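So you can see what is in the structure, the chains are spelled out below.
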There are 2 protein chains.
Amino acid sequence: MATDHPDLTTRTRDALRASQLYYLQDLTMEAIAHELGTSRSSVSRLLSHARETGLVDIRVRSPREMPNILERQILETFGVTAHVVPVPDHTSDVDRLERVALSAARMLGEYVDSNSTLGVAWGATVSAVSRHLIPRAVHDTQIVQLNGAGNLTSTGIVYASEILRRFGEAYNAQVQQFPVPAFFDDPLTKQALWRERSMQRVLALQEHLDVALFGVGSPFAEVPSHVYSSNFLDPDDVVSLQEQNVVGDVATVFYRIDGSTDGISLNDRGSGPAFDVLRRTPRRICVVSGAARLASIRGAIAAGLITDLYVDEGTARLLVASHDDTGIGRASVR
Amino acid sequence: MATDHPDLTTRTRDALRASQLYYLQDLTMEAIAHELGTSRSSVSRLLSHARETGLVDIRVRSPREMPNILERQILETFGVTAHVVPVPDHTSDVDRLERVALSAARMLGEYVDSNSTLGVAWGATVSAVSRHLIPRAVHDTQIVQLNGAGNLTSTGIVYASEILRRFGEAYNAQVQQFPVPAFFDDPLTKQALWRERSMQRVLALQEHLDVALFGVGSPFAEVPSHVYSSNFLDPDDVVSLQEQNVVGDVATVFYRIDGSTDGISLNDRGSGPAFDVLRRTPRRICVVSGAARLASIRGAIAAGLITDLYVDEGTARLLVASHDDTGIGRASVR
DNA sequence: AAGTGAACTGCACATACGTGCAAGATGAAC
DNA sequence: GTTCATCTTGCACGTATGTGCAGTTCACTT
């Protein structure tokens with residue numbers, strides 16, 4: 001009779017019933033406690049549990065007649081489906097990131113189906129998203145790491161694998177790690193390793209994703225992204241990126257503001273998927289916040305990497321304005 | 001810039017933003033009030049508004065691994081998709097009805113799409129449902145009245161049309177009234193009227209519904225359904241129903257416990273759709289509560305009228321038990 | 001059998017929330 | 001411009017809800 005551990009089943013059953021009574025019949029928690037023969041505080045906790053585990057699914061749907069203006073402008077200008085997260089302008093960058101990640105995490109379930117494959121990068125943004133995922137009952141789903149995370153001081157497994165683990169847990173999915181350094185010292189090593197069958201297997205998965213999830217790295221902002229810290233790149237590398245007008249990276253692949261990657265030497269040593277591979281993924285979701293990332297977003301859009309963009313309101317506004325200023329960005333996806 | 005009345009648009013926009021902040025970012029109403037520059041109580045009202053108008057969509061999903069036992073049993077036994085509404089056993093029939101109707105109303109949106117046609121009967125149950133509908137932004141939807149509502153003391157327009165109006169409002173739909181008596185005195189009048197083109201139009205719509213919604217009438221319960229009151233039927237009629245072993249009606253068409261209708265004289269004079277017409281509707285949703293309706297449900301299931309059943313827990317239990325007792329009911333739909 | 005840690009419970013308190021009410025705003029009618 | 005009806009707002013209050021804590025249960029060790 002039990003599907004799971006015997007009392008887990010009871011807990012879920014109670015949570016389900018409490019949710020029906022609370023959200024579908026508008027009873028108070030007090031009344032529900034009485035019906036279930038428990039205390040009101042337990043009901044409160046049952047309901048929290050139900051929300052966290054996705055038993056209760058709350059979504060906010062902007063009516064088609066009245067889409068967010070910024071979202072419409074971004075779609076028209078850049079051909080990207082935007083989800084603008086309302087955030088007051090004076091918010092700190094940390095809060096901004098957290099709020100965008102929270103919103104994105106709650107909508108991510110929409111993209112995940114049974115038998116689908118989800119590629120995830122790692123980084124501060126994706127990590128924040130991973131902390132707020134709402135579980136969804138799907139099966140035969142796979143989570144694939146998009147790029148290596150090893151650096152000079154650690155194999156990077158703990159940090160990146162923690163992110164992946166959360167995704168795997170939320171979607172009841174099998175996790176495919178990608179245990180390679182973020183950047184190789186020698187491009188030949190990368191090429192050699194890429195020919196290994198164990199790597200080929202992961203690489204093949206990366207080429208047939210249904211959904212890809214990533215942030216964008218921003219090299220020269222006041223608060224540079226994780227990747228640009230000295231644990232990953234030499235000072236020389238950083239200089240060369242600067243000289244080559246790099247404005248950002250997606251999964252450790254660098255690009256310029258026009259989306260081009262040609263001649264960026266570091267990309268021969270990075271572990272992320274080449275853009276023409278990534279672009280084969282039907283849904284490519286980018287989560288990003290903060291004005292400092294503007295140029296990075298612009299570049300990623302120009303490179304045609306993004307189909308769905310989760311972004312805070314202020315940055316969205318800058319994005320739209322930047323197009324009015326310069327006219328760049330039209331030659332993009334879709 | 002405005003899509004609707006200028007301030008209605010603002011209200012909706014604020015409600016939308018408040019909903020995102022509250023449900024997607026977990027801010028308190030106080031914080032939202034601050035961001036929107038209004039009072040906390042206004043935010044509370046905005047959120048109520050958002051829920052009532054379907055801007056916020058809350059659903060409770062029972063995980064596939066753990067469906068309600070009664071629902072599974074009903075599906076296996078009767079071939080009907082059941083939605084069992086949890087209600088404590090000591091609840092009064094009035095509350096029971098209200099709670100089932102509330103739950104059903106909130107799920108009804110699932111069945112309604114753009115360009116679809118929804119047929120609704122009238123009665124205490126459907127009326128209760130109509131009072132709790134959650135609007136849904138669809139277009140080119142039609143609501144069609146299934147059976148006439150005129151009786152000896154009124155044309156019945158006010159009561160039935162109020163129900164229809166609520167459906168029309170919730171789904172932004174055009175409403176097709178059916179201005180005829182519930183029962184004709186003379187079957188020939190009915191036949192004559194049915195040949196009128198104005199009636200033909202409605203009848204044609206009834207034959208091509210996407211969804212039908214109805215309760216079941218119960219004639220001989222302690223609290224008989226509306227239809228069986230003297231305003232609709234003569235004492236003679238009631239006696240004849242009793243003699244012919246009628247256990248219930250769907251949209252003023254009567255049936256026996258085995259689902260048969262042959263030889264029930266009153267059906268020649270009723271205004272509802274014949275069962276073989278009704279059965280052509282792909283989705284046929286029945287909402288019902290209370291043990292007194294058990295035989296009526298059994299008959300409606302046996303007649304193959306129901307694809308989706310919303311029912312209170314106690315009655316669901318009786319329904320399952322009744323099958324174990326008698327073995328009737330297997331020869332049903334699907 | 002006693003020990004141990006993790007999970008769960010109800011209590012009590014602090015907070016967050018819903019709502020009647022009166023004042024103010026808005027808009028249509030004259 | 002005035003009047004009146006209607007809708008909206010913020011306040012204040014009472015109720016509903018979230019959560020730290022201490023006590024308990026329960027499964028699993030030792």
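What you see is a predicted model; the values in this text were computed from it and never measured.

Counting secondary structure elements, chain A contains 13 helices and 10 strands. The buried share of chain A, taken over its 334 residues, is 56%. Surface accessibility of chain A: about 14800 Å² in total, with carbon and sulfur atoms responsible for 50%.

Residue and element names in this part refer to chain B. Residue alternation in strand S3 (residues 117–120) divides its side chains into two sets, Thr117 and Gly119 and Leu118 and Val120, and both sets are buried. Bridging between S3 and strand S4 (residues 142–145) involves four bridges; their strand directions are parallel. Counterpart to Leu118 in the pairing with S4 is Ile143. The handedness of the S3 to S4 crossover, carried by helix H6 (residues 124–130), is right-handed. Bridging between S3 and strand S6 (residues 211–214) involves three bridges; their strand directions are parallel. Paired with Gly119 across the two strands is Ala212, which belongs to S6.

It is worth spelling out the protein's contact with DNA strand C at this point. Of all residues adjacent to DNA strand C, which total 15 residues, the nearest are Thr38(A), Ser39(A), Met29(B), Arg40(B) and Ser44(B). Considering the 4 Å shell around the protein, atoms of DNA strand C inside it are sugar or phosphate in 44% of instances. Between DNA strand C and the protein, one listed contact pairs a base nitrogen with a side-chain N or O atom of Ser41(A) at 3.5 Å. Arg40(B) has a polar side-chain atom sitting 2.7 Å from a base oxygen of DNA strand C. Of all the secondary-structure elements, those providing two or more residues to the surface near DNA strand C are helix H3 (40–52) of chain A together with helix H3 (40–52) of chain B. A class-by-class count of the residues in the surface near DNA strand C yields two nonpolar, seven polar and six charged.

We now examine the side chain of Asp312(A). Turning to its location among the elements, Asp312(A) is positioned in strand S10 (residues 308–312). A distance of 2.9 Å separates the side chain of Asp312(A) from the backbone nitrogen of Gly290(A), its partner in a polar contact.

Moving on to the environment of Phe78(B). Summarising the element assignment, Phe78(B) is placed in helix H4 (residues 69–78). The spatial distance from the C-alpha of Phe78(B) to the C-alpha of Ile306(B) is 9.8 Å, given a sequence separation of 228 residues.

Moving on, we come to the interface of chain A and chain B. How big an interface is tends to be stated in terms of the accessible area lost upon association of its parts. Counting residues at the interface gives 41 residues for chain A and 41 residues for chain B. Approximately 4100 Å² of surface area, both sides summed, lies buried where chain A meets chain B, with 56% of it carried by carbon and sulfur atoms. Counting the contacts that link chain A with chain B gives eight salt bridges. Salt-bridge contacts for Arg17(B) lead to Glu313(A); the nearest nitrogen and oxygen are separated by 2.2 Å.

This part takes up helix H10 (residues 235–243) of chain A. All names here are of chain A. Regarding H10, the residues found buried are Asp237, Ser240 and Leu241. Taken end-on, H10 shows its buried residues confined to a sector of 105°, consistent with a single buried face. Facing away from the buried side of H10 by more than 90 degrees, the exposed set consists of Pro235, Asp236 and Glu243. As for H10, its buried residues are in contact with strand S7 (246–250) and strand S8 (253–256).

This part covers the relation of the copies chain A and chain B. Note on the identical chains: chain A maps onto chain B by a rotation of 180° and an axial translation of 0.0 Å, with an RMSD of 0.0 Å. Such a combination of rotation and displacement between the chain copies is what one expects of a two-fold axis. Using C-alpha coordinates, one finds that chain A approaches the rotation axis most closely at Ile58(A), a distance of 2.2 Å. Both copies present the same face, since 100% of the interface residues in chain A are matched by interface residues at the equivalent positions in chain B.

Next up on the list: the sheet that holds strand S5 (residues 174–176) of chain B. Residue and element names in this part refer to chain B. On the basis of which strands lie adjacent, the open sheet formed by seven strands has the order S2-S10-S9-S6-S3-S4-S5 and parallel pairing. Both outer strands of the open sheet, strand S2 (81–85) and S5, are each paired with one neighbouring strand and no more. The mean angle between the axes of side-by-side strands here comes to 20°, regardless of whether they run parallel or antiparallel. Each of S2, S6, strand S9 (283–288) and strand S10 (308–312) is contacted by helix H5 (residues 93–108), which is oriented at about 145° to S10, the strand it contacts most.

This part takes up the packing of helix H2 (residues 29–36) of chain A against H3(A). Residue and element names in this part refer to chain A. Contact pair H2 / H3: the axes reach a minimum separation of 8 Å and the direction vectors enclose 100°. Accordingly, the angle class assigned to the pair H2 and H3 is roughly perpendicular. Residues Met29, Glu30, Ile32, Ala33 and Leu36 of H2 form the contact with H3, whose participating residues are Arg40, Val43, Ser44, Leu46 and Leu47. Residues that form the contact of H2 with H3 fall into these classes: seven nonpolar, one polar and two charged.

Turning to the sheet that holds strand S4 (residues 142–145) of chain A, a few remarks are in order. All names here are of chain A. The strand order S2-S10-S9-S6-S3-S4-S5 describes an open sheet built from seven strands, whose pairing is parallel. Of all the strands in the sheet, just strand S2 (81–85) and strand S5 (174–176) have a single pairing partner and so form its edges. Strand-to-strand, the axes of this sheet are offset by a mean angle of 20°, without reference to chain direction. With four bridges connecting them, strand S6 (residues 211–214) and strand S9 (residues 283–288) associate as parallel partners. When the bridges of S9 are listed, Leu213 appears paired with Ile285. Here helix H5 (residues 93–108) sits on the sheet and contacts S2, S6, S9 and S10; the angle it forms with S10, its principal contact strand, is near 145°.

Calculation notes
Residues numbered from 1 in each chain as written. Chains lettered and ligands numbered in written order. Predicted model: local features only at pLDDT ≥ 70, side-chain atom pairs only at ≥ 80, totals over all residues. Heavy atoms only, no water. Helix = DSSP H or I, 4+ residues; strand = E, 2+ residues; numbered from the N terminus. Buried < 20%, exposed > 50% of the residue type's maximum accessible area, 1.4 Å probe, protein only. Areas by Shrake-Rupley, 256 points an atom, 1.4 Å probe, with all protein chains shown as cover. Pairing = 2+ DSSP bridges. Right-handed = clockwise from strand over helix to strand, strands pointing away. Near = heavy atom within 4 Å. Polar contact = N/O pair within 3.5 Å; in protein donor to acceptor, adjacent residues only side chain to side chain. Nonpolar A, V, L, I, M, F, W, Y, C, P; charged D, E, K, R; others polar. Contact = heavy atoms within 4.5 Å. Buried area = accessible area lost by both parts, 1.4 Å probe. Salt bridge = Lys/Arg side-chain N within 4 Å of Asp/Glu carboxyl O. Arc of directions from axis to C-beta. Least-squares fit on C-alpha atoms with pLDDT ≥ 70 in both. Axes fitted to C-alpha atoms, helices over the stretch in contact; angles between N-to-C directions. Parallel < 35°, antiparallel > 145°, perpendicular 65-115°, else oblique.

Everything listed here is a matter of geometry and, on its own, says nothing about what the molecule does.
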